[in-house]
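Close look at the chain arrangement
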Amino acid sequence: MIKKILVANRGEIAVRVMRSCRELGIGTVAVFSDADRTAMHVRYADEAYNIGPAPSRESYLNIDNIIGAAKKSGADAIHPGYGFLSENAAFSRRCSEVGIKFIGPDAYAITTMGDKITARQTMIRSGVPVVPGTTEKLTDEKKAVEVVNEIGFPIMIKASGGGGGKGMRLVRSMEDLLPMLRMARSEAMNAFGDDAVYIEKYIESPHHIEFQILADQHGNVVHLFERECSIQRRHQKVIEETPSPLMNPELRNEMGEKAVAAAKAVNYEGAGTIEFIVSDNLNYYFLEMNTRLQVEHPVTERVVGVDLVKEQINIANGLALSFKQEDLKQHGHAIQCRIYAEDPDNNFMPNPGIIKHITEPLGLGVRYDGYVYEGYEIPMYYDPMICKLITWGQTRPEAIARMRRALYEYKITGVITSIKFLERIMDIPSFIAGKYTTHFIEENSEKLLLKKKCGTECEDMAFIAAFVNYMDKLEKIQPPKYTDALGSNWKDFGRKRNVLRL
Ligand code: MV4
């Protein structure tokens with residue numbers, strides 16, 4: 001049985017994973033870069049190891065240093081969180097080679113799903129619907145023309161090594177096809193070291209709906225229903241909810257069964273997500289599989305009543321799933337907002353800085369997954385997401401009302417955040433009605449983004465505001481005096497001076 005877990009991540013997800021470990025009586029090991037000495041995950045963990053300089057490449061992506069810290073600490077398992085090494089097949093393989101349990105799927109599942117062409121082929125073999133298009137790596141330009149003549153425009157060219165919107169191109173006419181194909185291939189080679197691309201029919205105004213699955217080592221696979229993730233900006237999800245307002249019970253069962261089949265096709269182990277796009281007339285197509293725990297997992301946890309991290313750990317321990325598909329039900333409605341340290345009224349410019357004051361929302365039906373505290377400086381090296389706010393209600397309108405209330409209660413100064421942008425979304429009629437697609441943000445940009453009519457007075461005011469804000473940040477902020485629970489000055493001090501460099 002696993003006694004000590006190293007969390008190979010930072011920020012809110014590292015803290016979230018350690019919380020489940022603590023409930024299970026499992027020891028926690030943090031790893032941290034030079035920029036993260038005072039980070040919350042370091043304070044929360046039982047032990048912490050420095051794994052290198054601030055840039056991710058030299059720390060959170062440094063396999064040797066992380067394995068070194070795991071050995072030194074005596075951790076018997078590694079949880080990768082999301083991002084960083086979570087979908088890195090070499091890391092999963094390395095862990096098993098050195099006898100440390102990787103909490104997630106094996107290298108085979110990661111590789112098969114990571115290569116989008118192989119994933120498509122595997123899905124077709126397993127009876128999971130994919131978007132009409134090519135099934136082989138596209139090298140022959142004549143073949144491209146043939147396929148497009150068959151399926152018709154518009155089409156998308158996607159990179160096999162891509163995913164999550166990276167390396168995608170929309171093509172609407174034959175004259176653009178071959179030039180775009182050539183560009184896509186050379187770009188894919190540059191970005192992923194692989195020029196393999198494929199073609200899919202372009203689905204206009206789709207919904208992004210994904211299914212959570214859990215698979216144990218004994219071949220049992222269940223799905224934990226869907227998440228609606230259509231509200232995105234530049235392929236970054238902004239709001240996620242479950243159940244999907246678009247869903248009906250028959251479609252849910254059918255897509256859930258396909259999601260289970262997708263996981264079984266790669267002998268999957270652990271928690272994973274099958275992404276689908278769904279057209280307005282409810283045709284659905286497999287897009288890709290995410291072989292990790294996702295940012296939006298809490299809405300599923302709240303509505304299905306399952307701790308997904310706890311289940312990941314049980315699975316890693318070789319236990320059989322303790323529930324069957326028919327034991328799982330959805331209760332009420334959950335919504336998650338991702339809150340970033342960025343300025344929605346200035347082209348979402350990242351706004352890292354020192355948290356001067358923070359009051360998190362609390363109360364019935366609110367979950368807050370964050371990691372920043374008063375006096376903490378958000379480093380500029382990593383993702384600027386500062387927390388996730390999750391609300392639950394018996395009904396969707398109740399969950400929305402709670403989200404409005406929670407966003408209203410959330411006070412944070414020192415950095416600019418996306419809170420006001422999220423508040424505006426809560427007031428958009430198509431969101432309230434649950435009638436939205438992946439084009440929601442661009443379609444409502446008029447209402448969501450402030451159009452600043454800036455005369456000279458306005459510019460003067462902006463200058464004064466910027467100056468006051470600058471003076472504010474210069475003010476020396478005393479680090480809070482921790483005496484218990486979240487760590488101690490003594491521990492922070494130790495981590496500054498007596499750093500265990502590997
Ligand atoms: C598509 C599509 C339409 N047709 N594929 C974007 C992210 C990546 N996972 C796949 N994406 C899309 N693939 C076909 N054949 C539209 C998108 C898409 C999208 C998908 C989900 C959520 C937001 C999106 C925003 C723009 C485009």
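Residues numbered from 1 in each chain as written. Predicted model: local features only at pLDDT ≥ 70, side-chain atom pairs only at ≥ 80, totals over all residues. Heavy atoms only, no water.

Turning to the overall build of the chain, a few remarks are in order. Per the secondary structure count, the chain includes 18 helices and 20 strands. Relative to the globule expectation of 23 Å for 502 residues, the C-alpha radius of gyration of the chain, 23 Å, shows essentially globular dimensions. Seen through its C-alpha atoms, the chain measures out along the principal axes to roughly 65 × 65 × 45 Å. Counting the 502 residues in the chain, one finds 55% classified as buried. A separation threshold of at least 6 residues defines the contact pool for the chain, and within that pool the share at least 24 residues apart is 67%. Accessible area of the chain: about 22,000 Å², with a carbon and sulfur share of 53%. Across the chain, the centroid of the 63 positively charged side chains sits 4 Å from that of the 66 negatively charged ones. (Helix = DSSP H or I, 4+ residues; strand = E, 2+ residues; numbered from the N terminus. Rg over C-alpha atoms; globule rule 2.2 N^0.38 Å. Buried < 20%, exposed > 50% of the residue type's maximum accessible area, 1.4 Å probe, protein only. Contact = heavy atoms within 4.5 Å. Areas by Shrake-Rupley, 256 points an atom, 1.4 Å probe, with all protein chains shown as cover. Lys, Arg positive; Asp, Glu negative; His and termini not counted. Charge placed at Lys NZ, Arg CZ, Asp CG, Glu CD.)

Read from one edge of the open sheet, 8 strands run β13-β12-β9-β10-β11-β14-β19-β18, paired in antiparallel fashion. What marks the edges here is a single partner per strand, and that holds for β13 (284–290) and β18 (366–370). Across the sheet, the axes of successive neighbouring strands diverge by a mean angle of 25°, strand direction being ignored. Bridge count between strand β11 (residues 236–242) and strand β14 (residues 333–340): 4 bridges; the pairing is antiparallel. (Pairing = 2+ DSSP bridges. Axes fitted to C-alpha atoms, helices over the stretch in contact; angles between N-to-C directions.)

On to the packing of helix α7 (residues 141–151) against helix α8 (residues 174–192). Here α7 crosses α8 at 135°, and the two axes come no closer than 11 Å. In terms of orientation, α7 and α8 fall into the oblique class. When you trace α7 past α8, the crossing you get is right-handed. For the pair α7 and α8, the contacting residues are Glu141, Ala144, Val145, Val148 and Asn149 in the first and Met174, Leu177, Leu178, Leu181 and Arg182 in the second. Residues of the contact of α7 with α8, tallied by class, amount to 7 nonpolar, 1 polar and 2 charged. (Parallel < 35°, antiparallel > 145°, perpendicular 65-115°, else oblique. Left-handed = near helix turned anticlockwise from the far one by under 90°. Nonpolar A, V, L, I, M, F, W, Y, C, P; charged D, E, K, R; others polar.)

Taken together, 18 residues lie near the ligand, and Lys158, Glu200, Lys201, Ile203 and Thr438 sit nearest. Measuring from a nitrogen atom of the ligand, one finds a side-chain N or O atom of Lys158 at 2.8 Å. The contact in question runs from a nitrogen atom of the ligand to an N or O atom on the side chain of Glu288, over 3.5 Å. For the ligand, whose accessible area on its own is 520 Å², the fraction buried by protein is 91%. Listing elements by their share of the shell around the ligand, those giving two or more residues are β6 (155–163), β8 (197–201), β12 (270–278) and β13. Here the residues of the shell around the ligand are counted per class, giving 7 nonpolar, 6 polar and 5 charged. (Near = heavy atom within 4 Å. Polar contact = N/O pair within 3.5 Å; in protein donor to acceptor, adjacent residues only side chain to side chain.)

Our next topic: the pairing of strand β2 (residues 27–32). Where a strand is regular, its side chains alternate between the two sheet faces. Most of β2 sits out of view: 6 of its 6 residues are buried. Neither face of β2 is left uncovered, since the one carrying Gly27, Val29 and Val31 and the one carrying Thr28, Ala30 and Phe32 both have all their residues buried. Where strand β1 (residues 4–7) and β2 come together, 4 bridges link them in parallel fashion. Its bridge partner being in β2, Val7 is matched across the sheet by Ala30. In terms of handedness, the path from β1 via helix α1 (residues 11–24) over to β2 forms a crossover that is right-handed. (Right-handed = clockwise from strand over helix to strand, strands pointing away.)

To continue, consider the sheet that holds β6. A sheet is described by the order of its strands in space; here 3 strands give the open sequence β7-β6-β8, paired in antiparallel fashion. Among the strands making up the open sheet, the edge pair consists of β7 (166–171) and β8. For this sheet, the mean inter-axis angle between neighbouring strands, taken without regard to orientation, is 25°. One ladder, built from 5 bridges, connects β6 with β7; its direction is antiparallel. Bridge pairing in β7 places Met156 opposite Leu170. Lying over the sheet, helix α6 (residues 116–125) contacts β6 and β8, oriented at roughly 50° with respect to β8.

Let us now look at the confidence of the model for the chain. Put simply, the chain has an average pLDDT of 93, and 93% of its residues get 70 or more. Every residue in residues 497–502 scores below 50 in pLDDT, and together they form 16 contacts with partners more than four places removed in sequence or on other chains. (pLDDT = per-residue confidence, 0-100.)

What follows concerns the environment of Thr391. Within the secondary structure, Thr391 is located in strand β19 (residues 385–393). Placed 26 residues apart in sequence, Thr391 and Gly365 show a C-alpha to C-alpha distance of 5.4 Å. Within the local environment of Thr391, its side chain forms a polar contact with the backbone oxygen of Ala399, the two atoms lying 2.9 Å apart.

Bring the parts together and some accessible area is lost; that lost area is often taken as the interface size. Its domain assignment divides the chain into domain 1 (4–103), domain 2 (132–201), domain 3 (207–448) and domain 4 (456–496). Each of domain 3 and domain 4 has a C-alpha centre, and these two points are 30 Å apart. (Domains from an automatic or database assignment.)

Nonpolar side chains tend toward joint burial in soluble globular proteins. Grouped together as the largest cluster of nonpolar side chains are 103 residues, with contacts concentrated most on Leu6, Ile78, Ile239 and Phe431. With 6 residues, α1 is the largest single contributor of residues to this core. Membership of the second largest hydrophobic core comes to 26 residues, among which are Ile213, Ala262, Phe276 and Met289. (Core = buried A, V, L, I, M, F, W, Y, C linked by side-chain atoms within 4.5 Å.)

As for its position among the elements, Arg292 is in the loop between β13 and α10 (297–304). Every residue in contact with Arg292, bar those within four places of it in the chain, is listed here: Gly81, Tyr82, Gly83, Ser86, Glu87, Tyr268, Ala271 and Gly272.

This paragraph deals with the packing of aromatic side chains. Summed over all chains, the structure comprises 12 aromatic pairs. Seen in terms of ring centroids, Phe91 and Phe102 are 5.9 Å apart; in terms of plane orientation they differ by 90°. Their pairing is edge-to-face. A residue pair is termed long-range when its members are at least 10 positions apart, and Phe91 in helix α4 (residues 89–97) and Phe102 in strand β5 (residues 101–102) qualify at 11 residues. By the ring-pair criterion, three or more aromatic residues cluster together here, those being Tyr60, Phe84, Tyr381 and Tyr382. The ring of Phe431 is capped by Arg396, whose NZ or CZ atom sits 4.8 Å from the centre of that ring. (Phe/Tyr/Trp six-rings, centres within 6.5 Å; stacked < 30°, edge-to-face > 60°. Lys NZ or Arg CZ within 6 Å of the ring centre and 35° of its normal.)

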